[in-house]
Amino acid sequence: MIDPFGRKINYLRVSVTDRCDFRCKYCMSEHMTFLPKKDVLSLEELELVSAAFIRKGVRKIRITGGEPLVRKGIMELFRNLGLYLKSGELDELTLTTNGSQLATYAEQLYDAGVRRLNVSLDTLDPYRFQDITRWGNFEKVMGGIKAAQAAGLKIKINTVALKGFNDHEFDDLIKWTGAEGMDITFIETMPMGAIDEHRSDQFLPLSEVKKQLAGSWSLSPSSYQTGGPSDYFDVAETGSRVGFITPLSHNFCESCNRVRLTCTGMLYMCLGQQDNADLKAVLRGPDGLHALDAAIDEAIGRKPKGHDFIIDRKSDDKPAVPRHMSVTGG
Ligand code: SAM
Ligand code: SF4
């Protein structure tokens, strides 16, 4: 699939639920209204749509959410999509998780063919962790990370950089991930969905973080590519890598190779734009599966050049896009 700007689209992110067992302050408000079950694609439907994308050339699928591992029966989807790895039609099946359920599922994920995954962790301080996630349990996540490593899964830590919250912990996080043989990626907060606080109070440009880190670590641009949006640097002192995802302070759209499917079957061609294609309506419509390929082609033909994210005082109370990250999938 080639979009109107000549970008090859070979990466699909699939949000399998909008629900979560955490309430991270930058992601959700404490009292969220979740979607009724009938609006959410069944596991079978998620697989049908994913398979259509694989037929059209998608080589990498990331399962996300909400928290993907709280969706009932989710291992069935991993096992079924894992078959496309075995047949060579897919290069990678991966997920982004908060880690709370990894102790239960790590081995099953490995058996399904998953080899790498992202765990989101913003702090190494249990009290701070409790504060930012509201409902999270630090020890459980640490146990999950250990279980995943023991199962043979390679972990990358995702850390949202938050001004006044974890900006004094970046060196410790790099030291810890390096010692554990993990890479780490820092992410800028994006103005997605209403939350209970001001985003401009939290926003920390990663250009500043990069400068700060260059004072304590020997960073050199890495040739490492994952097919994702992260820009990697090798850290000479640890032998691991540090990545930066900078949707706001740097335009990451030129090399965008991905589209996102929500758990309600809406296909978003851009994380930061509202335009979408309702693949659930197509799938549940009169022509069903037969109409899916044409609907996907039509949607890719509308992929925009880039996003319009901006965080400042004026735009603070109006997110650039009204949907939460937990709906579109990070
Ligand atoms: N629940 C899983 C997790 O936390 O890893 C998967 C879904 S979560 C929405 C995916 C990623 O998006 C996480 O790394 C999270 O920190 C990040 N995220 C959530 N809201 C964000 C926002 N407004 N700006 C930037 N990153 C955000
Ligand atoms: Fe849940 Fe992930 Fe959002 Fe945190 S970032 S509330 S873990 S979906």
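Up top is the structure these notes are about.
Scope of this entry: the structure provided in the associated data block. Everything quoted here is computed from the prediction, not taken from an experiment.

Take the overall build of the chain next. Broken down by element type, the chain carries eleven helices and twelve strands. Taking 20 Å as the expected radius of gyration for a compact globule of 330 residues, we find that the chain reaches 19 Å, a close match to that expectation. Out of the 330 residues in the chain, the part that is buried amounts to 56%. For the chain, the proportion of contacts with a sequence separation of at least 24, taken over those separated by at least 6, is 73%. Put simply, the chain shows about 14,100 Å² of open surface, and 52% of that area lies on carbon and sulfur atoms. Measuring between centres, the 42 positive side-chain charges of the chain sit 2 Å from its 44 negative side-chain charges.

Right, let's talk about the pairing of strand β3 (residues 92–97) for a bit. Within β3, six of the six residues are buried, which leaves it mostly tucked inside the rest of the structure. Examined bridge by bridge, strand β2 (residues 60–64) and β3 share four bridges and lie parallel to one another. Looking at the pairing, Ile61 lines up with Leu93 of β3. Pairing of β3 with strand β4 (residues 116–120) involves two bridges; the strand directions are parallel. For Thr96, the partnering residue across the bridge sits in β4 and is Asn118. Between the parallel elements β3 and β4, the chain passes through helix α3 (residues 102–112) in a crossover that is right-handed.

Once that is clear, we can look at the environment of Gln202. By the element assignment, Gln202 lies in helix α7 (residues 199–202). Note on Gln202: relative accessible area 7%, which makes it buried. Here Gln202 is in contact with Tyr26, Ala161, Leu162, Lys163, Thr189, Ile195 and Glu197, once residues within four sequence places are set aside.

Turning to the pairing of β4, a few remarks are in order. The sheet contact formed by β4 and strand β5 (residues 154–160) spans five bridges and is parallel. For Ser120, the partnering residue across the bridge sits in β5 and is Asn158.

Looking now at the site of ligand 1. Around ligand 1 sit 18 residues, and of these Tyr26, Gly66, Ser120, Val160 and Met190 come closest. Between ligand 1 and Tyr26 there is a distance of 3.1 Å, counted from an oxygen atom to a side-chain nitrogen or oxygen. Thr97 is positioned with one of its backbone polar atoms (N or O) 3.2 Å from an oxygen atom of ligand 1. Taken together, the residues that form the shell around ligand 1 break down as five nonpolar, ten polar and three charged.

Moving on: helix α8 (residues 206–216). What α8 keeps buried is the set Leu206, Val209 and Leu213. Relative to the axis of α8, the buried residues are bounded by an arc of 50 degrees and lie together on one face. Across from the buried face of α8, at angles greater than 90 degrees, the exposed residues are Lys211 and Gly215. Of the surrounding elements, those touching the buried residues of α8 are α6 (170–179), β6 (183–187), β7 (219–221) and β9 (241–245).

Below, the discussion takes up the packing of aromatic side chains. Here the structure, examined in full by the defined rule, presents six aromatic pairs. Considering the side-chain rings of Phe22 and Phe129, the 5.9 Å spacing of their centres and the 90 degrees angle between planes classify their relative orientation as edge-to-face. Placement of Phe22 in the loop between β1 (11–15) and α1 (43–55) and of Phe129 in helix α4 (residues 126–133) is noted, with a sequence separation of 107 residues between them. Residues Phe22 and Phe129 agree in their burial class; the two are buried. Judged by centre distance (5.8 Å) and plane angle (75 degrees), the ring pair of Phe233 and Phe244 falls under edge-to-face. Note that Phe233 is positioned in strand β8 (residues 231–235) and Phe244 in strand β9, a separation of eleven residues in sequence.

Next up on the list: the site of ligand 2. Ligand 2 sits among Cys20, Phe22, Cys24, Cys27, Met28, Gly66 and Asn98. Partitioning the shell around ligand 2 into residue classes produces five nonpolar, two polar and no charged.

Conventions adopted
Residues numbered from 1 in each chain as written. Chains lettered and ligands numbered in written order. Predicted model: local features only at pLDDT ≥ 70, side-chain atom pairs only at ≥ 80, totals over all residues. Heavy atoms only, no water. Helix = DSSP H or I, 4+ residues; strand = E, 2+ residues; numbered from the N terminus. Rg over C-alpha atoms; globule rule 2.2 N^0.38 Å. Buried < 20%, exposed > 50% of the residue type's maximum accessible area, 1.4 Å probe, protein only. Contact = heavy atoms within 4.5 Å. Areas by Shrake-Rupley, 256 points an atom, 1.4 Å probe, with all protein chains shown as cover. Lys, Arg positive; Asp, Glu negative; His and termini not counted. Charge placed at Lys NZ, Arg CZ, Asp CG, Glu CD. Pairing = 2+ DSSP bridges. Right-handed = clockwise from strand over helix to strand, strands pointing away. Near = heavy atom within 4 Å. Polar contact = N/O pair within 3.5 Å; in protein donor to acceptor, adjacent residues only side chain to side chain. Nonpolar A, V, L, I, M, F, W, Y, C, P; charged D, E, K, R; others polar. Arc of directions from axis to C-beta. Phe/Tyr/Trp six-rings, centres within 6.5 Å; stacked < 30°, edge-to-face > 60°.

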